[in-house]
Protein chains: 2
Amino acid sequence: MRVVKDAEERKSEILDVAEQLFGTRGFDNTSTNDILQEVGIARGTLYYHFKSKEDILDAMIDRMTGRLIGKASDIVADKTMPVLQRLTAMMLALNVSDDLGCEIMAQVHKPQNALMHQKMQERLLTQVNPLVTSLIEEGITQGICQTDYPEEAAEMALLYSNTTFDALAEYGGKERQKKIMAFIYNLERLLGMERGSLLDVILPIFQETAQ
Amino acid sequence: MRVVKDAEERKSEILDVAEQLFGTRGFDNTSTNDILQEVGIARGTLYYHFKSKEDILDAMIDRMTGRLIGKASDIVADKTMPVLQRLTAMMLALNVSDDLGCEIMAQVHKPQNALMHQKMQERLLTQVNPLVTSLIEEGITQGICQTDYPEEAAEMALLYSNTTFDALAEYGGKERQKKIMAFIYNLERLLGMERGSLLDVILPIFQETAQ
DNA sequence: GTGCAACCGACAGATTGTCGGTTGTTATGT
DNA sequence: ACATAACAACCGACAATCTGTCGGTTGCAC
């Protein structure tokens, strides 16, 4: 018995499965057969909706980054929070897996998923950069930060936070603590902040989150 | 007529071809057939020397990073150069393709070569980091820089330089000039240097190199 | 002339993307 | 209300390619 569905719904189903499989096994270690079997459709159907396996990956990444960007935008827009708190919350939202179907984030940073990781990183960097930049500029007008190049500082901050969060997963105890302190220290310098101003904001968040 | 060669020599031949093909077409778009045809050996021979396609990639990256690390070490050890000059020269050596068979570096940063890029980046970061750290510490004793976390600052500097050099290839004119200035500015801040101290060192080098 | 490292190429197994054809749904005309 | 035309969604066999294996061969060194 053949089941017909709206194209968008099917696509979404396929992306759900792709997200799950790519996330756990990696892109290269997931065959298109795995996907279409899991979805319960035939080969032709898969290629009716997507023109190639990589096309699936791209669509999946689009959807995922879309979610993340949305979350980040919400945080930035929430003017009830102080600037630095928003900045921190945003970096966490981008890097730590939580509620929404973003449990992949943890897997994405595996060596096996280089392609996925890079594509996502690139997307995120370009799309989130304006948000971070605006936050920094807001901080400057408030006299909290100071820099001649907000945009580039934002880029560097994002880059560094990504790598650090990646690495943090591997550390524990003392070493971890040091990495966090260094992260804060460097960020403060980069954004031209008073020594210690980020510390009070970040540390409590770190303690409660991320094990 | 069958040609027998010393294992190391054959391996080297294979890596030469792999370097060329992976570099230009990317890892995924190069088949093992492409390689063995170009080298002029049979399928079995390829798999006699390497246990998988990825094994070839790893070996190739080893060889390549080895070369780069060697170059970087030489620069760091050259005490006749001032610290900042050595630092700059090193970052250039790692990112700009020149003489030696490193013309790949330009290709490595393509989206198609994500795996290669990541593997290389990871290797380079971990191996070069101690060198940069020692340079920074040298700078600190000389009173040129100042930071509480030399190692992490080194990591951040490397990361940032990599990304910036990547991106720089795409820019030109005004935008490029701004990126360079921001790069210098951020690096100075990160390493706790006097404003402008890197400028005099980097700018001349940039003008002559890298178009 | 023996032993072994280097080499060969046919082959199995798996994977991606294509294509002609099928089915269900929806719109249209009577 | 009913036939039917048109089209979107779906199917599965198939071609083409690719990776890794394996039994067997060849040339060199001792």
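Please read all numbers here as calculations on a predicted model, not as lab measurements. Residue positions are given per chain, counting from 1 as you read along its sequence in written order. Chains and ligands are labelled sequentially in the order written, the chains with letters from A and the ligands with numbers from 1. Given that this is a predicted model, residues contribute local features only at a pLDDT of at least 70 and side-chain atom pairs are listed and counted only at 80 or more, while totals for whole chains, interfaces and linings are drawn from all residues. With hydrogens and water stripped out, all remaining heavy atoms of the structure feed into the side-chain values.

### Here's the deal with the relation of the copies chain B and chain A
- C-alpha atoms of residues with pLDDT of at least 70 in both copies form the basis for the least-squares superposition of the copies. Aligned on chain A, chain B shows an RMSD of 0.1 Å; the corresponding rotation is 180 degrees and the shift along the axis is 0.0 Å. Such values leave the two copies arranged in the relation of a two-fold axis.
- Most of the interface of chain B is mirrored in chain A: 100% of its interface residues are interface residues there too. Note on definitions: a residue-residue contact is assigned when non-hydrogen atoms from the two residues lie within 4.5 Å.

### Re the domain arrangement of chain A
Residue and element names in this part refer to chain A.
- What the domain assignment reports for chain A is domain 1 (1-50) and domain 2 (54-210).
- How far each domain reaches was decided by an automatic or database domain assignment. Here the C-alpha centre of domain 2 lies 31 Å away from the C-alpha centre of domain 1.
- Between domain 1 and domain 2, the residue contacts involve 15 residues of the former and 16 residues of the latter.
- Values labelled buried area give the accessible surface lost by two parts on being combined, using a 1.4 Å probe and summing over both. Interface area for domain 1 against domain 2, summed over the two sides, is near 1,300 Å², with a carbon-plus-sulfur share of 64%.
- When the area that domain 1 buries against domain 2 is broken down by residue, the three leading residues are Leu15, Glu19 and Phe27, summing to 45%.
- Here, a salt bridge means any side-chain nitrogen of Lys or Arg that lies within 4 Å of a carboxyl oxygen of Asp or Glu. Applying the counting rule to domain 1 against domain 2 returns three salt bridges.
- Between Glu19 and Arg67 there is a salt bridge, with its nearest N and O atoms 3.3 Å apart.
- For this analysis, a polar contact is any N or O atom pair within 3.5 Å, provided that within protein one partner can donate a hydrogen and the other can accept it, and provided that sequence-adjacent residues contribute only side-chain to side-chain pairs. Between domain 1 and domain 2 we count four residue pairs in polar contact (both at pLDDT 80 or more) in total.
- Top contributing element to the side of domain 1 that touches domain 2 by residue count: helix 1 (residues 7-25), with nine residues.
- Along the lines of polarity and charge, the residues of the side of domain 1 that touches domain 2 split into seven nonpolar, five polar and three charged. The way it works is that DSSP assigns letters per residue, a run of H or I at least four long becomes a helix, a run of E at least two long becomes a strand, and they are numbered from the N terminus. In this count, Pro and Cys sit with the nonpolar residues alongside Ala, Val, Leu, Ile, Met, Phe, Trp and Tyr, while Asp, Glu, Lys and Arg are called charged and the others, Gly among them, polar.

### A few points about the interface of chain B and chain A
- On the chain A side, the residues contacting the 29 residues of chain B number 29 residues.
- For the pairing of chain B and chain A, the buried interface totals around 2,900 Å² over both sides, and the portion due to carbon and sulfur atoms is 53%.
- Ranking the residues of chain B by area buried against chain A places Tyr149, Met156 and Arg189 of chain B at the top, with a combined share of 23%.
- At the surface where chain B touches chain A, the tally comes to eleven salt bridges.
- Among the salt bridges present, the one from Arg195 of chain B reaches Asp148 of chain A, with a minimum N-O distance of 3.2 Å.
- The interface formed by chain B and chain A includes ten residue pairs in polar contact (both at pLDDT 80 or more).
- Mapped onto the side of chain B that touches chain A, the elements with two or more residues apiece are helix 7 (114-141), helix 8 (150-168) and helix 9 (173-190) of chain B.
- Of the residues belonging to the side of chain B that touches chain A, the class tally is 13 nonpolar, seven polar and nine charged.

### A few points about the protein's contact with DNA strand D
- Only a single heavy atom is needed: when it lies within 4 Å of a molecule or strand, its residue is near that molecule or strand. Taken together, 23 residues surround DNA strand D, and among them Arg2 and Arg10 of chain A together with Arg2, Thr32 and Tyr47 of chain B come closest.
- Restricting attention to atoms of DNA strand D within 4 Å of the protein, one finds that 61% of them are sugar or phosphate atoms.
- In this structure, Ala42 of chain A approaches DNA strand D through a main-chain N or O atom, which is 3.0 Å from a phosphate oxygen.
- A distance of 2.6 Å separates a phosphate oxygen of DNA strand D from a polar side-chain atom of Thr45 of chain A.
- Taken together, the elements giving at least two residues each to the surface near DNA strand D come down to helix 1 and helix 3 (43-49) of chain A together with helix 2 (32-39) and helix 3 (43-49) of chain B.
- The element best represented in the surface near DNA strand D is helix 3 of chain A, accounting for five residues.
- Among the residues making up the surface near DNA strand D, the classes are represented as seven nonpolar, nine polar and seven charged.

### Quick word on the side chain of Lys179 of chain A
- Relative to the helices and strands, Lys179 of chain A is located in helix 9 (residues 173-190).
- One polar contact links Lys179 of chain A to Glu152 of chain B, side chain to side chain, over a distance of 3.3 Å.
- The residues contacting Lys179 of chain A, other than those within four sequence positions of it, are Leu168 and Tyr171 of chain A together with Glu151, Glu152 and Glu155 of chain B.

### Structural notes on the protein's contact with DNA strand C
- Close to DNA strand C lie 23 residues; Arg2 and Thr32 of chain A together with Arg2, Arg10 and His49 of chain B are nearest.
- If you look at DNA strand C and keep only atoms within 4 Å of the protein, 62% of those are sugar or phosphate atoms.
- Thr32 of chain A has a polar side-chain atom sitting 2.6 Å from a phosphate oxygen of DNA strand C.
- Within the contact set of DNA strand C, a base oxygen lies 2.5 Å away from a side-chain nitrogen or oxygen of Arg2 of chain B.
- Elements represented by at least two residues in the surface near DNA strand C include exactly helix 2 (32-39) and helix 3 of chain A together with helix 1 (7-25) and helix 3 of chain B.
- It is helix 3 of chain B that provides the largest number of residues to the surface near DNA strand C, a total of five residues.

### Things to note about the packing of aromatic side chains
- When the centres of two rings from Phe, Tyr and Trp lie within 6.5 Å, Trp using its six-membered ring, the rings pair. Their planes under 30 degrees apart give stacked, over 60 give edge-to-face, and anything left gives tilted. If you walk through the whole model with that rule in mind, you get eight aromatic pairs over all chains.
- Chaining the aromatic ring pairs together yields one cluster made of Tyr160, Phe165 and Phe183 of chain A.
- Definition used: whenever NZ (Lys) or CZ (Arg) falls within 6 Å of the ring centre and also within 35 degrees of the ring normal, the charge is taken to sit over that ring. Its end group placed over the ring of Phe50 of chain B, Lys11 of chain B keeps NZ or CZ at 5.8 Å from the ring centre.
- The ring of Phe27 of chain B is capped by Lys53 of chain B, whose NZ or CZ atom sits 4.4 Å from the centre of that ring.

### Points about helix 1 of chain B
Residue and element names in this part refer to chain B.
- A helix is expected to reach a length of 1.5 Å times the quantity of its residues less one. With 19 residues, helix 1 ought to run about 27 Å at 1.5 Å a step, and its terminal C-alpha atoms sit 26 Å apart, in line with that.
- The buried label goes to any residue with under 20% of its type's maximum accessible area, the exposed label to any with over 50%, and the partly exposed label to all in between, with areas taken from a 1.4 Å probe on protein chains only. Among the residues making up helix 1, those that are buried are Arg10, Glu13, Ile14, Leu15, Val17, Ala18, Glu19, Leu21, Phe22 and Gly23.
- Directly after helix 1, the chain includes Gly26, whose backbone phi takes a positive value near 95 degrees.

### What to know about helix 5 (residues 83-95) of chain A
All names here are of chain A.
- Here helix 5 contains 13 residues, and its C-alpha end-to-end distance of 19 Å stays within 8% of the 18 Å for a straight helix at 1.5 Å per residue.
- The buried fraction of helix 5 is high, at twelve of 13 residues.
- For helix 5, every residue scored as buried is listed here: Val83, Leu84, Arg86, Leu87, Thr88, Ala89, Met90, Met91, Leu92, Ala93, Leu94 and Asn95.

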